[in-house]
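Coordinates in review
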Amino acid sequence: MRKDYISWEDYFMAIASLSAMRSKDPVTQVGACIVDRDHKIVSVGYNGMPYGTEDISANWSKDGKWEDTKYPYVCHAELNAILNSPRSVKGCIIYVTHHPCNECAKAIVQSGISEVIFNNDKEGKESDVAKIILDNANIKVKKHRADFKNIGIRL
């Protein structure tokens, strides 16, 4: 029997990472993969503009007047994965390439997701508040510890 196969956590984090590659954001690509307790993928998402609004912030600016930046327009990977799901995500685990922000933490709590596994920690007030929100809602949060640092895919 093979012993070099990847763990469920590495598998689902790799899918979240692959989803992030769909993002058109030139600076930060974030992906999410929602999985039920039977290890079945329920939904995926990545950060991007809402449907039909691709040209709102074509330059993906981070600087300038707030309404001229990407921030008021971009839908985060976690929210997209929740909204893309064809069924309830209650009791599911969400694998995310970056720690959720406060807005995504609220969506995670409201949707009934029970666990967050993230790969990269974010610093800042949004992440600090997200940690408080998730903790207060008794949602398990853990940093992913990869068994495999690189997973190759040949197409």
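See the structure above.
Attention here is on the structure that accompanies the text. Owing to the predicted nature of the structure, the values given are computational and were not obtained by experimental measurement.

Between helix H2 (residues 77–84) and helix H3 (residues 102–111), whose axes approach to 9 Å, the crossing angle comes to 25°. Taken together, the axes of H2 and H3 lie roughly parallel to each other. The element H2 and its partner H3 pack so that their crossing is left-handed. Of the residues in H3, those in contact with Glu 78, Leu 79 and Ile 82 of H2 are Cys 104, Ala 107, Ile 108 and Ser 111.

Together, Leu 18, Met 21, Phe 148, Ile 151, Ile 153 and Leu 155 make up an exposed nonpolar region whose accessible area comes to about 700 Å². Tracing the chain through its elements places Leu 155 in the segment after strand S5 (140–143).

A separate point is the nonpolar core. Among the nonpolar cores identified, the biggest contains 19 residues, and Ile 34, Ile 94, Ile 108 and Ile 113 are the most heavily contacted of them. Looking at this core, the elements that each hand over two or more residues are strand S1 (31–35), H2, strand S3 (93–98), H3 and helix H4 (125–136).

Once that is clear, we can look at the pattern of salt bridges. Applying the stated criterion to the full structure yields 9 salt bridges. Ionic pairing is found between Glu 9 and Lys 142, a salt bridge with its closest N-O pair at 2.6 Å. With Glu 9 in helix H1 (residues 8–20) and Lys 142 in strand S5, this residue pair connects regions lying 133 residues apart in the sequence. We classify Glu 9 as partly exposed; its relative accessible area is 22%. With its nearest N and O atoms 3.9 Å apart, the salt bridge here joins Glu 115 to Lys 140. On the criterion of sequence distance, the pair formed by Glu 115 in strand S4 (residues 115–120) and Lys 140 in strand S5 is long-range, its members being 25 residues apart. The class for Glu 115 is buried, based on a relative accessible area of 8%. A residue is classified by how much of its surface remains accessible, and Lys 140, at 47% relative accessible area, is partly exposed.

The rules we used
- Residues numbered from 1 in each chain as written.
- Predicted model: local features only at pLDDT ≥ 70, side-chain atom pairs only at ≥ 80, totals over all residues.
- Heavy atoms only, no water.
- Axes fitted to C-alpha atoms, helices over the stretch in contact; angles between N-to-C directions.
- Helix = DSSP H or I, 4+ residues; strand = E, 2+ residues; numbered from the N terminus.
- Parallel < 35°, antiparallel > 145°, perpendicular 65-115°, else oblique.
- Left-handed = near helix turned anticlockwise from the far one by under 90°.
- Contact = heavy atoms within 4.5 Å.
- Patch = residues over 30% accessible without salt bridge, like charges linked within 9 Å, V, L, I, M, F, W, Y side chains within 5 Å.
- Areas by Shrake-Rupley, 256 points an atom, 1.4 Å probe, with all protein chains shown as cover.
- Salt bridge = Lys/Arg side-chain N within 4 Å of Asp/Glu carboxyl O.
- Core = buried A, V, L, I, M, F, W, Y, C linked by side-chain atoms within 4.5 Å.
- Buried < 20%, exposed > 50% of the residue type's maximum accessible area, 1.4 Å probe, protein only.

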